[in-house]
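Structural overview
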Amino acid sequence: MNKIVVGAYWGDEGKGKIVDLLAADSDWVVRYNGGDNAGHTIVVGDKQVVLHILPSGVLQGKNVAIGPDVFFNPGSFLKDLNHVVESGFKITGRIVIDERAHVIMPYHIKLEGNEKIGTTKRGIGPAAKDKAERTTDITIADMVGENFLERIKEVVSEKKEELIAANILTKTFDDERYCERVHEVYSEYASRIKEYVGETSYLIYEETKKGSVLLEGAQGSLLDVVHGTRPFITSSNTIAGGAASNLGIDLRKFKIIGIVKAYPTRVGEGPFTTELGNYEDAKTEEKMKKLSVEEKRKVIEGDEKLLGRWIRMDGGEYGATTGRPRRTGHPDFVALRYSAMINGIDEWVITKIDVLGGKTFKAAVAYKKDTKITEKFPFRLEGWEPVYSQKEYFWESMTEEQCIQAVTGGYDVLPEKMKQYIRDLVIYTGIPVRMISLSPKREITVVKDVLLRTTEYLK
Ligand code: GDP
Ligand code: IMO
Ligand code: MG
């Protein structure tokens, strides 16, 4: 069956790990949204690979494609390719970049100044503006075409005022010289990516008939340009429906798999109902600083800020693209039910549940504001407070050996309280779980009996 992998929260749910794993049963792995704002981490043996634009199936030697609505930074693509090869992997499958994909130009990155949102500064927003403008975008086809320099000149001329205002064009660096300089760098990129350029619509259509296509979403559902926590969102359609419009596929032929990190994280600004501590403190704290015994004692007494730091430390919650600390929170079932709804999720994959071992946490089952209470995810999340269920979850942290045993033993051997948390998540969202990931490593993922047992919860 063809599959779509989407993130259920605000990104960094572990999509890369799961796509790499699922790629084993697929022929083509395709990116359908975003650009190099994504950072997908895959761990194979002692090697860690972080991919920004190249689909994660590449490590399994699969064919990979970059769809027509992706914001394509050629420099990042070439870096990803090098990184894969230098990490000791062979690229044996085909690579196709759709000729309609939008190219991120140097001025997009310079024009990015949106501190309010806390973007990844990869030029995604400015490139999306040009996409919507229609006359100022540069496509892959333009880039590898005969008249690339003329096209750059046309666009720069149309954007002249904007580029002067941003000090990109100056008296000493006029448009003529600027265009030639950009062309010099980008025509070199063009010559290196030319061999990969093609079209993906017919290709994916034909491959879908075989049932072996895997689509890799970037970002998370709550960062979707329409359905996310606007304005603190990205500029592309991140949800499964986005894959349908961005690639032009028939969604009915795909199973939709939502990746739920066992706890939500968010990097960048914006409301976060179940946040532990606050972002300003997280920004200034020392990276990966271990908690002292005294601090852990405080967590047991209910210090939420330290619990947030502890999860960040144990989960290695620092951005794969920007290195920024990720904000951490208690699980949010309200957000997950919304995410299941807007995507049409068929099955969850739960990741990083190992990180919660040894920590007491709870799950939000409603939101409240003044006298109002709701189980619906509000459009404007600001000001809503979490309402937690009465239950607290705790289990001892598992050693790697215990995690490996759970892979063989299957769902039944997982800690009772962990199963209770999974059961509550399944019942609240109405969606069963396909896999449970207990480690960054590809092979430490529980599959045996997971779907069977969690489907039983729904009967
Ligand atoms: P993505 O953007 O959704 O692909 O996620 P990232 O790669 O940005 O962040 C997920 C991080 O968690 C990466 O460092 C992964 O190696 C790691 N990871 C994935 N699954 C697990 C898991 O089950 N347990 C632990 N401890 N780490 C995981
Ligand atoms: P992956 O695929 C987490 C966030 C940024 C910022 C907002 C807008 O690794 O899950 P942008 O640069 O897209 O204009 O930034 O979106 N963001 C992500 N957060 N994971 C990502 O990708 C993200 N891509 C963008 O931090 O808040
Ligand atoms: Mg990421």
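Before going into details, it helps to say that this report is about the structure given with it. In this text, all values refer to a predicted model and were calculated from it rather than measured experimentally.

This part takes up the packing of helix α6 (residues 148-158) against helix α8 (residues 175-193). What describes two packed helices is the angle between their axes and the distance between those same axes. One way to put it is that α6 packs onto α8 with a least axis distance of 9 Å and a crossing angle of 135°. Regarding the angle of α6 to α8, the classification is oblique. Crossing hand, α6 versus α8: right-handed. Taking contact as the criterion, the partners of Phe 148, Leu 149, Ile 152, Lys 153, Val 156 and Ser 157 in α6 are, on α8, Asp 175, Tyr 178, Cys 179, Val 182, His 183, Ser 187 and Ala 190. Its residues assigned to classes, the contact of α6 with α8 shows 8 nonpolar, 3 polar and 2 charged.

Within the open sheet, the 3 strands sit side by side as β16-β15-β17. Their pairing is antiparallel. The sheet is open, and its two borders are formed by β16 (372-374) and β17 (385-388), each paired with just one other strand. Geometrically, the sheet is characterised by an average inter-axis angle of 35° between neighbouring strands, direction not taken into account. Both strand β15 (residues 364-369) and β17 contribute to a ladder of 4 bridges, which runs antiparallel. Counted as the bridge partner of Ala 364 is Tyr 388 from β17.

Let's shift gears to the site of ligand 1. The environment of ligand 1 is made up of 23 residues, and the closest members are Gly 14, Gly 16, Thr 41, Ser 437 and Pro 440. Elements that contribute at least two residues to the shell around ligand 1 include exactly α1 (15-22) and β3 (40-44). Residue composition of the shell around ligand 1, grouped by class: 6 nonpolar, 11 polar and 6 charged. Two domains each provide a minimum of three residues to the shell around ligand 1, namely domain 1 (2-100 + 197-260) and domain 4 (329-456).

It is the contact of helix α14 (residues 333-343) with helix α16 (residues 416-429), at a shortest axis distance of 9 Å, that shows an interaxial angle of 50°. As far as their axial angle goes, α16 and α14 are oblique. For the pair α14 and α16, the crossing hand works out as right-handed. Touching Phe 333, Leu 336, Arg 337 and Ala 340 of α14 are Leu 425, Tyr 428 and Thr 429, all from α16. Residues of the contact of α14 with α16, tallied by class, amount to 5 nonpolar, 1 polar and 1 charged.

Next up on the list: the pairing of β15. With 3 bridges joining them, β15 and β16 adopt antiparallel strand pairing. Paired with Lys 368 across the bridge in β16 is Ile 373. Hairpin connection from β15 to β16: 2 residues lie between these consecutive antiparallel strands, with Asp 370 at a positive phi of about 50°.

Next up on the list: helix α2 (residues 74-86). The terminal C-alpha atoms of α2, which comprises 13 residues, lie 18 Å apart, in line with the 18 Å expected from a rise of 1.5 Å per residue. Tucked into the core, α2 has its buried residues touching β4 (47-51), β6 (71-72), β8 (102-103) and α8. One or two steps after α2, the chain reaches Gly 88, where phi turns positive at roughly 95°.

Ile 4, Val 5, Val 30, Phe 72 and Ile 350 are the most contacted members of the largest nonpolar core, which has 116 residues in total. Here this core gets 6 residues from one element, more than from any other, and that element is α14. For Val 5, the contacting residues outside a window of four places in its chain are Lys 15, Ile 18, Val 19, Leu 22, Leu 214, Leu 215, Glu 216, Gly 217, Ile 257 and Ile 259.

This paragraph deals with the site of ligand 2. The environment of ligand 2 is made up of 25 residues, and the closest members are Gly 11, Ala 38, Thr 119, Thr 234 and Gly 268. When we break the shell around ligand 2 down by domain, the ones giving at least three residues each are domain 1 (2-100 + 197-260) and domain 2 (103-193).

Let's shift gears to unusual backbone geometry. Here the amide bond leading from Arg 230 into Pro 231 is cis, since omega sits at 5°, within 30 degrees of zero. If you trace the backbone, Pro 231 turns up in the loop between β10 (213-216) and α10 (240-247). With a phi angle near 60°, Gln 219 is a residue other than glycine that sits in the positive phi range. Tracing the backbone through its elements, the reader meets Gln 219 in the loop between β10 and α10. Within the chain, Asp 449 stands out as a residue other than glycine whose phi angle is a positive 65°. Following the sequence through the fold, Asp 449 ends up in the loop between β19 (445-446) and α17 (450-456). Taking the C-beta count within 10 Å as the criterion, Asp 449 has 15 such neighbours and is therefore assigned partly exposed.

One open sheet accounts for 10 strands, arranged β9-β7-β5-β2-β10-β1-β11-β14-β18-β19; its pairing is mixed. For this open sheet the edge positions go to β9 (197-198) and β19, each flanked by a neighbour on one side alone. The pairing of strand β2 (residues 28-31) with β10 spans 4 bridges and is classified as parallel. Of the residues in β10, the one forming a bridge with Arg 31 is Glu 216. Contacting β1 (2-7), β2, β10 and β11 (254-261), α10 crosses the sheet at an angle of about 120° to β1.

Positionally, Ile 404 belongs in helix α15 (residues 400-409). Classification of Ile 404 by C-beta neighbours within 10 Å gives partly exposed; the count is 16. The spatial distance from the C-alpha of Ile 404 to the C-alpha of Glu 443 is 8.4 Å, given a sequence separation of 39 residues.

Looking now at α10. Taken as a whole, α10 has its buried residues at Ala 240, Gly 242, Ala 243, Asn 246 and Leu 247. Down the axis of α10, the buried side of the element spans an arc of 145°, and every buried residue falls inside it. Those residues of α10 hidden inside the fold are in contact with β1, β2, α9 (201-210), β10, β11 and α14. A positive phi of about 75° marks Gly 248, the residue just after α10.

Rules of the game
Residues numbered from 1 in each chain as written. Chains lettered and ligands numbered in written order. Predicted model: local features only at pLDDT ≥ 70, side-chain atom pairs only at ≥ 80, totals over all residues. Axes fitted to C-alpha atoms, helices over the stretch in contact; angles between N-to-C directions. Helix = DSSP H or I, 4+ residues; strand = E, 2+ residues; numbered from the N terminus. Parallel < 35°, antiparallel > 145°, perpendicular 65-115°, else oblique. Left-handed = near helix turned anticlockwise from the far one by under 90°. Contact = placed C-beta atoms within 7 Å. Nonpolar A, V, L, I, M, F, W, Y, C, P; charged D, E, K, R; others polar. Pairing = 2+ DSSP bridges. Near = placed C-beta within 6 Å. Domains from an automatic or database assignment. Expected span 1.5 Å × (residues − 1). Core = buried A, V, L, I, M, F, W, Y, C linked by C-beta atoms within 7 Å. Buried ≥ 20, exposed ≤ 12 C-beta atoms within 10 Å, placed from the backbone. Arc of directions from axis to C-beta.

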